[in-house]
Amino acid sequence: MKNIKCPECGGKAEDQLIKMKYDINHNHITIKNIPAKVCQKCGNELIDGHTARDVDLLVNRLSEDVDRFAKSLAIAPEKEHSISLAV
Ligand SMILES: [Zn+2]
């Protein structure tokens, strides 16, 4: 990725691995190691279209699996999951 400026404040955005949290059927899923540009000034996180699509696919897939798993249990306990994006 080339050097880009933050569209919010014009600050310098630098490569960083970020985390994103999702709540899928009351399961808290944290996706780690998402490559992004993070504004050093305001903290705005910029993810390119390709990465965003990968994360979306992963979250959709997880959502199906979590759903299936929850249905196989008598009770669906609230769980904390942490998944790293392989890049
Ligand atoms: Zn900014």
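Residues numbered from 1 in each chain as written. Predicted model: local features only at pLDDT ≥ 70, side-chain atom pairs only at ≥ 80, totals over all residues.

Visitor: How would you explain the overall build of the chain if you had to name every residue and give the values?
Guide: The helix and strand tally for the chain stands at one helix and five strands. If you list the helices and strands of the chain from N to C, you get β-β-β-β-α-β. Within the chain, buried positions represent 10% of all 87 residues. Sequence separation of 24 or more characterises 64% of the internal contacts of the chain that already satisfy a separation of 6 or more. (Helix = DSSP H or I, 4+ residues; strand = E, 2+ residues; numbered from the N terminus. Buried ≥ 20, exposed ≤ 12 C-beta atoms within 10 Å, placed from the backbone. Contact = placed C-beta atoms within 7 Å.)

Visitor: Outline the environment of Ile 34, supporting the account with residue identities and numerical values.
Guide: Within the secondary structure, Ile 34 sits in strand S3 (residues 27-39). Exposure remark for Ile 34: the 20 C-beta atoms within 10 Å place this residue in the buried category. In this structure, the C-alpha to C-alpha distance between Ile 34 and Lys 19, residues 15 residues apart in sequence, is 6.3 Å.

Visitor: Report on unusual backbone geometry, specifying residues and quantitative values.
Guide: Phi is positive for Asn 33, close to 60 degrees, though the residue is something other than glycine. Within the element layout of this structure, Asn 33 appears in strand S3. According to the C-beta neighbour criterion, Asn 33 is exposed, with 12 such atoms within 10 Å.

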